[in-house]
Amino acid sequence: MSESFEQLRELISLRPGDSRRAELDSRLAPMTGEERARWLQVMKETDIFYDSLPQVEIPADLQAKLLEIPQKQEAPAIAGRIGPRRLRLYAACLLILLPIAGYALWNMPRSDTQPVSLALAADKAAEVANLAVESHEAKLPLAVTSNDRAAVEAALQGEMKPNDMPFPAIVPAPKTALTLEGGGVCRFGSMRAVFTRWSAGSKTYTLYQFDGKPLDIKPGFNKTIVSAKGYKVSIWPGYENPCTWALVSSDRAGLEAFD
Amino acid sequence: MDQSDPRYVQYQEWVRAYSGELYRFAYRLSGRRESAEDLVQETFVEAWRSLEKNKQPEYPRAWFFQILRFRYAHLIRDTGHHLRTTHSAEILDLQSSPTGEAPLEALANQEILQKALDTLAPRIRETFLMVFLEGNTCRETADVLKVPLGTVLSRLDRARQLLRAALAKTMGPPSASHPTARVAAVPEEPFNE
């Protein structure tokens, strides 16, 4: 089955008013009259589904019944839930295990090693910054347009090819008031990266997630901020998985949005 | 229950925000008003228990629908697979429905639509409703159900075919040349959660 046929089947189920329906029109335009008429019939069917399915009468007392639930859900006491016999058993186990755990902790060999603080090498930071700024300035088209983080994350997951990154695409929550515009997958030097575009007022920010391994970037390095072509680029390691993040920002304030 | 308890305030907001659409979904899924009400109540009981443990979902709407679908999976597991699948006798009832509508417009007839929905296998009906009632895209649905996009598209095609067939029994022969009829019919799948 062709990829375009699959895409058409996906588009034909979109909600009326969805912006991606315009793409559907352009795909139907070159079709013969009869074939086009059949697809339009399916689209009409879709519209009827969206319109008819929500038409269900809601019981007038439903909300009142639901609001009573917390009153009826009195949580039993822990002792009552677990039962006195089992509670005594847990207490006995604790009494036996606590001294053993204490003894083990006391005698554990202590390490004098301090956590190693890793600085990202200047040449690596510059390379990442240049790649990120170059891509940011190219204003790449978004594969998915939405301000819903979950929706964008799911769509990016679908956009990624098996060899793009050895970990899932993540759309992190910003700590400052940035609006998500959408995202996509792009080239990032010799690699592929997932990018998301964010905005605050007239300012635009691009966040890249990529595998730092091909650039010999070690996980756990310290957050690094570098300047490139008038932009600030913040680079930091992933905490959920060994990916690397880079954020291109035209102002220093934007750099605090993620890390 | 202290009415000013922030957990109860949150709970009230959820009831006002989601009870209506959850009921609609439950009714379309189960086809029975009593079952729909039970499912929605069980969903909110579970939501309240989570609140009591100070657990709050990041995306409450998606979370509520997930609980509801999970409760429904339990319901049909406990009551048998074919609780909701319409028997041929019911389809024959459709044949005698004296409506003069064309098949497509007949979908707007609520009774006919629900009876046609009843002919779908639970897994297909669930997928169909996740897209056309819950409002997920096909990709989001595939992600939630942890199945490939192609599986979701096949289930939607199958749903359309079965709905057309159910309506055709009422109105006349189905259109064999429908574009989505190019897709091979998917077999009915068990609904074990």
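Here is what the cut-offs are and how they apply
- Residues numbered from 1 in each chain as written.
- Chains lettered and ligands numbered in written order.
- Predicted model: local features only at pLDDT ≥ 70, side-chain atom pairs only at ≥ 80, totals over all residues.
- Pairing = 2+ DSSP bridges.
- Helix = DSSP H or I, 4+ residues; strand = E, 2+ residues; numbered from the N terminus.
- Contact = placed C-beta atoms within 7 Å.
- Axes fitted to C-alpha atoms, helices over the stretch in contact; angles between N-to-C directions.
- Nonpolar A, V, L, I, M, F, W, Y, C, P; charged D, E, K, R; others polar.
- Buried ≥ 20, exposed ≤ 12 C-beta atoms within 10 Å, placed from the backbone.

Caption draft 1: Spotlight on the sheet that holds strand 7 (residues 244–249) of chain A. All names here are of chain A. The seven strands are arranged 1-2-3-4-7-6-5 in an open sheet whose pairing can be described as antiparallel. Two strands in the sheet have a free side with no partner beyond their single neighbour: strand 1 (144–145) and strand 5 (224–228). With five bridges joining them, strand 4 (residues 203–210) and strand 7 adopt antiparallel strand pairing. When the sheet's bridge partners are listed, Thr-206 is paired in strand 7 with Val-248. Of the strands in this sheet, strand 1, strand 2 (179–188) and strand 3 (191–200) are in contact with helix 8 (residues 149–159), which crosses strand 2 at around 15°.

Caption draft 2: Inspection of the interface of chain A and chain B at higher detail. Facing the 37 residues of chain A at the interface are 43 residues of chain B. Listing elements by their share of the side of chain A that touches chain B, those giving two or more residues are helix 1 (3–11), helix 3 (33–52), helix 4 (62–72) and helix 8 of chain A. For the side of chain A that touches chain B, the element with the highest residue contribution is helix 3 of chain A, accounting for 10 residues. The residue inventory of the side of chain A that touches chain B, partitioned by class, reads 20 nonpolar, eight polar and nine charged.

Caption draft 3: Local environment of the pairing of strand 4 of chain A. All names here are of chain A. Counting buried positions over the eight residues of strand 4 gives six, a clear majority of the element. Bridge count for strand 3 against strand 4 is seven bridges, and the pairing is antiparallel. Each bridged residue has a counterpart across the sheet, and for Ser-199 the counterpart in strand 4 is Thr-204. Here strand 3 hands over to strand 4 after two residues, with Gly-201 in that stretch at a positive phi of 65°.

Caption draft 4: Inspection of the environment of Glu-23 of chain A at higher detail. In this fold, Glu-23 of chain A is placed in helix 2 (residues 21–28). The spatial distance from the C-alpha of Glu-23 of chain A to the C-alpha of Leu-8 of chain A is 9.3 Å, given a sequence separation of 15 residues.

Caption draft 5: Quick look at the pairing of strand 7 of chain A. All names here are of chain A. The buried fraction of strand 7 is high, at six of six residues. Pairing of strand 6 (residues 231–237) with strand 7 involves six bridges; the strand directions are antiparallel. Following the sheet pairing, Ile-235 is matched in strand 7 by Ala-246.

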